[in-house]
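Remarks on the overall topology
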Amino acid sequence: MNYIFRIIIFVLFINTCFSQYKREVNIKSSIDTTQTEFRTIFNLWENYINDLNYRNANNNFLLKEFDEKLNSYWYKCEVDNYKLCDLTFSFMSGYGNVMYPLYKEYFLGFVKRDSNMYEIKTMFISPFKENPHDFPTLMMTVMVIKTGDSFKLCNKFTLNRSKLLTKKFANITYYYPPFYKFNDSLATTLSNRIDAFVKNFNIINQEPLTYLVSNNITEISTWFGIDYFEWDYMGGENMIEGRAIHSNNMILSGGGGENYMHEIIHILLNNVNTNKNKGDSWFEEGICCFFGEHVGHDYSYHAKRLKEYLNANKQIDLSQNLLGYYSNSISKFSYKKDSIVNPMDYIFYCDFQTNYMYIIQAVLCDIAFKQGGYQKVKNIYIQQRQQVPDEDYQKFYTVIEKELGIKRKNVDKHIREYLNKNY
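Let us look at the structure shown here. Every chain is numbered independently, its residues counted from 1 as its sequence is written. Local features in this predicted model are restricted to residues whose pLDDT is 70 or higher, and side-chain atom pairs enter the listing and the counts only when it is 80 or higher, whereas totals over whole chains, interfaces and linings include all residues. Heavy atoms from the whole structure form the basis of all side-chain values; hydrogens and water molecules are not counted.

Turning our eyes to something else, we now look at the overall build of the protein chain. Along the backbone of the protein chain there are 14 helices and 13 strands. Looking at the 423 residues of the protein chain, the share that counts as buried comes to 52%. Here, two residues are considered to be in contact whenever any of their heavy atoms come within 4.5 Å of each other. Restricting the contact set of the protein chain to residue pairs at least 6 apart, pairs at least 24 apart contribute 64%. Of the roughly 20000 Å² of accessible surface on the protein chain, 50% is carried by carbon and sulfur atoms. Counting from the N terminus, the helices are the DSSP runs of H or I reaching at least four residues and the strands are the DSSP runs of E reaching at least two. Here the term buried applies to any residue with accessible area under 20% of the maximum for its type, exposed to any over 50%, and partly exposed to those in between, with areas from a 1.4 Å probe on protein chains only. Each accessible area is a Shrake-Rupley result for a 1.4 Å probe, and residues are judged covered by the shown protein chains and nothing else.

The buried fraction of strand E10 (residues 241-245) is high, at 4 of 5 residues. Each pair of strands is called paired provided DSSP finds at least two bridges between the two strands. Bridge count for E10 against strand E11 (residues 250-254) is 5 bridges, and the pairing is antiparallel. Its bridge partner lying in E11, Ala244 is registered against Ile251. Counting the residues that bridge the hairpin from E10 to E11 gives 4 residues, and of these Asn249 lies at a positive phi of roughly 50°.

With that settled, the discussion passes to the environment of Leu212. Turning to its location among the elements, Leu212 is positioned in strand E8 (residues 209-214). Judged by relative accessible area, which is 0%, Leu212 ranks as buried. Once the C-alpha coordinates of Leu212 and Thr166 are considered, the two residues, 46 residues apart in sequence, prove to be 9.4 Å apart. Residues in contact with Leu212, not counting those within four places in the same chain, are Phe157, Tyr175, Ile220, Trp223, Phe224, Met250, Ile251, Leu252 and Ser253.

Attention now goes to helix H14 (residues 411-422). Relative to the 16 Å expected for 12 residues at 1.5 Å per residue, H14 spans 16 Å between its end C-alpha atoms, a close match to the ideal helical length. Along H14, the positions that sit buried rather than exposed are Val411, Asp412, Ile415, Arg416, Tyr418 and Leu419. With its buried residues spanning 160° around the axis, H14 presents them on a single face. Projecting away from the buried face of H14 at angles above 90 degrees are the exposed residues Lys413 and Lys421. One fewer than the residue count of a helix, multiplied by 1.5 Å, yields its expected span. Regarding the arc, it is the one traced by the directions from the helix axis to the C-beta atoms.

We now examine the packing of aromatic side chains. How two aromatic rings sit relative to each other is given by the distance of their centres and the angle of their planes. Here the aromatic set is Phe, Tyr and Trp, taking the six-membered ring for Trp, and pairing holds for ring centres within 6.5 Å; pairs whose planes are under 30 degrees apart are stacked, those over 60 apart are edge-to-face, and all others are tilted. Under the criterion given, the structure shown has 44 aromatic pairs. On the numbers, 4.8 Å between centres and 35° between planes, the contact of Tyr176 with Phe182 is tilted. A relative accessible area of 7% places Tyr176 in the buried class. Given the relative accessible area of 13%, Phe182 is considered buried. Placement of a positive charge over a ring is assigned whenever Lys NZ or Arg CZ falls within 6 Å of the ring centre and within 35 degrees of the normal to the ring plane. Over the ring of Tyr95 we find Arg243; its NZ or CZ atom is 4.1 Å from the centre of that ring.

The nonpolar side chains of soluble globular proteins are, as a tendency, buried together. Ranked by internal contacts, the top residues of the largest apolar core, which has 75 residues, are Phe197, Ile264, Phe283, Ile287, Leu322 and Ile415. Leave out the neighbours within four places in its chain, and Phe283 touches Gln361, Leu364, Cys365, Val377, Ile380, Tyr381, Gln384, Tyr393 and Phe396. Each nonpolar core is a collection of buried residues, namely Ala, Val, Leu, Ile, Met, Phe, Trp, Tyr and Cys, held together in the definition by side-chain atoms within 4.5 Å. Counting residues in each nonpolar core, the second largest holds 54 residues, with Ile49, Leu63, Phe91 and Leu102 among its members.

Strand order in the open sheet formed by 5 strands is E6-E7-E8-E11-E10, and the pairing between neighbours is mixed. Edge positions in the sheet fall to strand E6 (165-169) and E10, since each has one partner strand and no second. This sheet shows a mean twist of 20° between the axes of neighbouring strands, independent of strand direction. Pairing geometry for E8 and E11, over 5 bridges, is parallel. Residue pairing in the sheet places Leu212 in a bridge with Leu252 of E11. A fitted line through C-alpha atoms represents every axis, and for helices the fit uses only the stretch in contact; the resulting angles, taken between N-to-C directions, go from 0 to 180 degrees.

Residue Ala170 is not a glycine yet carries a positive backbone phi of 55°. You can see Ala170 is positioned in the loop between E6 and strand E7 (172-176).

This is how it looks when you write it as structure tokens:
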């Protein structure tokens with residue numbers, strides 16, 4: 001999670017909880033806002049979004065389960081099936097954007113589909129310059145069901161689910177489109193990999209998993225009623241993409257097939273008792289890359305690329321920062337944040353094929369595994385979650401020294417030598 005993202009969260013949190021912050025909502029001018037149906041449906045939607053904002057902020061933007069108030073806006077089957085019954089919100093949470101309900105909204109309209117079903121179409125746009133300013137963050141469709149005299153929200157996925165095919169392998173229920181060529185062999189392989197990881201990590205209370213698979217993440221997003229989101233359509237290639245929706249034990253595999261272990265591990269690690277309810281964990285990403293994969297390739301593929309990347313960038317010092325550096329037109333490379341007068345951009349170690357931040361953590365996982373197997377890796381994971389605040393990841397060096405015996409001043413040299421020797 002990068003510095004700018006944290007600043008935005010902080011600003012939004014302060015605005016929401018301690019000031020008179022109010023969202024800007026625009027309604028398409030051609031809509032007859034005097035209609036009783038419009039007023040009822042629009043008020044339902046806006047009241048829900050306002051309550052979602054309030055509860056999300058008061059949960060430090062880590063909302064994982066709906067309370068009775070938020071559930072009251074939703075159709076009963078959604079509440080019964082999901083801990084966090086707004087699947088669009090849970091989808092966007094998988095991309096790190098838990099703030100979109102606070103953004104400027106353009107209510108595009110609503111339409112009656114049958115005697116008791118309506119559709120809302122709406123769009124959110126980020127007001128912050130750090131985000132794609134004035135470009136849509138999210139365009140979405142939400143269903144509204146009329147039951148008697150009341151109206152309730154309903155996920156588009158509830159309707160689309162009947163159009164998908166299903167298969168069950170052990171603890172996983174797969175959903176996939178009719179034209180998709182499902183690979184039973186890969187599904188069996190994944191089941192075996194899960195069994196091995198669960199056994200070796202001593203994970204108990206494994207819950208059933210829902211696994212959505214298609215040729216790309218764009219199609220999967222449409223099953224949720226998401227017509228567009230800001231992290232899609234990012235390039236000319238049909239990239240492999242996976243996401244884990246922790247709150248609902250749901251895996252999204254766009255182009256990654258039936259054997260995308262990386263995202264499964266994210267869900268499985270929810271059952272490791274760390275005595276902390278924290279957000280993102282960089283070392284967790286390393287575990288997922290080492291025992292799973294990263295954008296369709298195994299760990300060794302990316303370890304070789306990391307070796308080449310570090311050898312080509314001698315200025316990088318992993319003893320200073322495991323995640324990235326500051327840069328701008330004046331000061332090209334620095335590990336110290338510049339003054340406000342001369343602000344610097346924070347640049348993560350990454351390119352379009354490999355997120356090197358993840359693979360650096362995976363190398364540490366690799367070293368730990370060779371020293372003490374699964375238990376050593378698990379020890380580091382638990383300590384990192386317990387001892388290292390998300391906002392001060394520099395303290396992870398103390399865990400590295402304690403568990404791996406590598407002093408901070410030697411981390412860069414050790415990782416480079418390890419990669420050059422083994423990959």
